[in-house]
Each structure stands twice: as structure tokens, then as C-alpha cells.
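Results of the structural survey
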Amino acid sequence: MEKALTIAGSDSGGGAGIQADLKTFQELKVFGMSALTAVTAQNTLGVQGVFPMEAEVVAEQIQSVGEDIGVDALKTGMLFNAEIIETVAEKIKRFAWDKVVVDPVMIAKGGAPLLQQEAVSALKNHLLPLCFVITPNIPEAEVLTRMTIHSPDDKKEAARRIHALGAKNIVIKGGHDVNTNEAVDLLFNGADFEFFSVPRIETKNTHGTGCTFSAAITAQLAKVYLYMTRYL
Ligand SMILES: Nc1ncnc2c1ncn2[C@@H]1O[C@H](COP(=O)(O)OP(=O)(O)OP(=O)(O)O)[C@@H](O)[C@H]1O
Ligand SMILES: Cc1ncc(CO)c(N)n1
């Protein structure tokens, strides 16, 4: 059975974070493992508390999993601060993991910060160059590129800029594009653009959509051989 690791925060409400990731791994029939970066107290009303782990605690969890069980693919979610980001980047390099999915989690849907503002540059400098796929939502893509995104062309330009930061494949998710009746994601692999569009489901219950999405990509990556060198 292929093995997937999530390096992310705990959501006590079970909709996002490692809980969403592990449920998704299980659904897609890969063996799920976790390295916890933070404990959050969350429910349907919002985020009531955020308690980050020491970077050393994150490092030890990744080390234990990497040196014994093995990792076919991994994703990162909430990383909270620069120290944790740098620790995660070091471990990815140390184990030479290549199927790395970065969900650049910054702010919970209710507005609570899940990444310190000063950690954005650590994310750009240390983690983006190591990632095979990055899955920003529109506000996250705006922070990473320092541009505003209104149109499909803006999404393309943002994807180009994120590619220039070192990410190999970029998916800009369209969940936040609430003015259209479609949810349109854009994939850019450094050469070609592809839009994926589905009818927007009218619901407020979208907590954890991004975590589930990036966990699904990670699970599917765990099962495939990366043979297309253009993407590597
Ligand atoms: N209302 C919706 N109807 C259909 N698809 C949706 C809807 N909202 C989001 N999606 C899809 O779900 C996936 C996740 O996108 P979204 O932009 O919601 O991520 P996110 O903001 O990072 O989520 P979160 O921060 O809650 O984890 C994308 O593929 C997006 O197109
Ligand atoms: C722990 C955690 N990770 C990610 C998100 C983003 O959905 C969240 N709300 N909570």
C-alpha cells in the first residue's frame, strides 16, 4: 500500500487540517501518516485557539516516519511560523522527497491567521522551490504574488509568478471566485495552462475544501510514477 504523509495542523472540528487529510487518504486507499504542526480549537463558528508545536517536535515526527515507514508523497498544510517551515524544508531535502504538495494555508475561512505574516517569505524562499504541486486559493495566490486577481488572465499571470518562485505545478483554486456560478481552477505546469470548471455548489459549508483537495492530489501522486521529466 502506498504511504502519504500530511504535515499540518489539527482541526478539532474534523473538517479541515490533518483530520480532513487522513480521511481523504483513507478514501483514496493510501496509508495516511501525520506530523502535527499545531493544535487548533475550531468548530463551525470559527477558530477559538491556535497552539503551535515547537519546530523540534515537528522535526522528530517527520524523522520517525521518514527513517522507518517511508513516504511516497507528502503534503503540507498549516505551518504557522518560519521556524516550522524551515524545519520541514530541511527534512524534505534530507530525505530527497520529490512528490511534495504544498497547500499554502494562510487564513481560515472565518479570518483567523494560520500562518504568521512574517513567515510568508520563508514559505517562498524555502518551501516553494521544493514543491511539485502548490495549491493556493485566490487570496493566498495574491499574497504570494503581491497582485490582485480578478480575471482568468490575472490567474494566469499569478501562476506564472508562482512558477518563477520555483513551484513546478501550480493550481490556483477558484472556490473564492464567488461572483461566478462556476468554480474554476487553473493548472499551470510551466508550459501549458488548463482550466478546470465545475458548477458552483450553493453552500456555506466549504470549510476544509482546500485541505481535502490537496490531500487528494497527494494520495493520487503517491500511487503514480513521475516519469514525465518535463514536470520534475
Ligand atoms: N462552492 C463550490 N462548488 C464547487 N466547487 C467548489 C466550491 N468551493 C470550492 N470548490 C472547489 O474546491 C476546491 C478547493 O478550493 P477552495 O478555493 O475552496 O480552497 P480553500 O479556500 O483553500 O479551502 P479551505 O481554506 O477551506 O481549506 C477547488 O477545486 C474549488 O474549485
Ligand atoms: C488546522 C487547519 N488547517 C487548515 C485550515 C484551512 O482550511 C483550517 N481551517 N485549519
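All values reported here derive from a predicted model rather than from experimental measurement. (Residues numbered from 1 in each chain as written. Chains lettered and ligands numbered in written order. Predicted model: local features only at pLDDT ≥ 70, side-chain atom pairs only at ≥ 80, totals over all residues. Heavy atoms only, no water.)

Side note on the environment of Asn81
With respect to the secondary-structure elements, Asn81 resides in the loop between β4 (73–76) and α3 (82–95). As a C-alpha pair, Asn81 and Glu202 span 121 residues in sequence and 34 Å in three-dimensional space. (Helix = DSSP H or I, 4+ residues; strand = E, 2+ residues; numbered from the N terminus.)

Some remarks on the nonpolar core
Core analysis: the largest hydrophobic core is formed by 44 residues, its most contacted members being Ile7, Val88, Leu123, Leu127 and Ile134. For this core, the element with the most residues is α3, which contributes six residues. For Val88, the contacting residues outside a window of four places in its chain are Ile7, Val58, Ile62, Thr76, Leu79 and Leu127. Formed by 13 residues, the second largest nonpolar core is a distinct cluster that contains Val30, Ala73, Val133 and Ala219. (Core = buried A, V, L, I, M, F, W, Y, C linked by side-chain atoms within 4.5 Å. Buried < 20%, exposed > 50% of the residue type's maximum accessible area, 1.4 Å probe, protein only. Contact = heavy atoms within 4.5 Å.)

A short note on the site of ligand 2
Every residue close to ligand 2 is listed here: Gly9, Ser10, Ala16, Gly17, Gln42, Met78, Val105, Ala108, Leu114, His207 and Cys211. Within the side chain of Gln42, one N or O atom sits 2.8 Å away from a nitrogen atom of ligand 2. Here ligand 2, which alone exposes 280 Å², has 91% of that area covered by the protein. Its residues assigned to classes, the shell around ligand 2 comprises six nonpolar, five polar and no charged. (Near = heavy atom within 4 Å. Polar contact = N/O pair within 3.5 Å; in protein donor to acceptor, adjacent residues only side chain to side chain. Areas by Shrake-Rupley, 256 points an atom, 1.4 Å probe, with all protein chains shown as cover. Nonpolar A, V, L, I, M, F, W, Y, C, P; charged D, E, K, R; others polar.)

Description of the pairing of strand β8 (residues 182–188)
Two faces belong to every sheet, and in a regular strand the side chains alternate between them. Burial of β8 is extensive: five of the seven residues sit out of reach of the surface. Relative to β8, strand β7 (residues 169–172) runs antiparallel, the two being bridged by three bridges. Residue pairing for β8: Ile172 is matched across the bridge by Leu186. Bridge count for β8 against strand β9 (residues 193–199) is seven bridges, and the pairing is antiparallel. Across the sheet, residue Phe188 finds its bridge partner in β9, namely Phe193. (Pairing = 2+ DSSP bridges.)

Quick notes on the packing of helix α2 (residues 55–69) against α3
Closest axis-to-axis distance for the α2/α3 pair is 9 Å, and the angle between their directions is 20°. Here α3 runs roughly parallel to α2, going by the angle between their axes. In this structure, the crossing between α2 and α3 has a hand that is right-handed. Together, Ala55, Val58, Ala59, Ile62, Gln63, Gly66 and Glu67 of α2 and Glu83, Ile84, Thr87, Val88, Lys91, Arg94 and Phe95 of α3 make up the contact between the two elements. For the contact of α2 with α3, a count of residues per class yields seven nonpolar, three polar and four charged. (Axes fitted to C-alpha atoms, helices over the stretch in contact; angles between N-to-C directions. Parallel < 35°, antiparallel > 145°, perpendicular 65-115°, else oblique. Left-handed = near helix turned anticlockwise from the far one by under 90°.)

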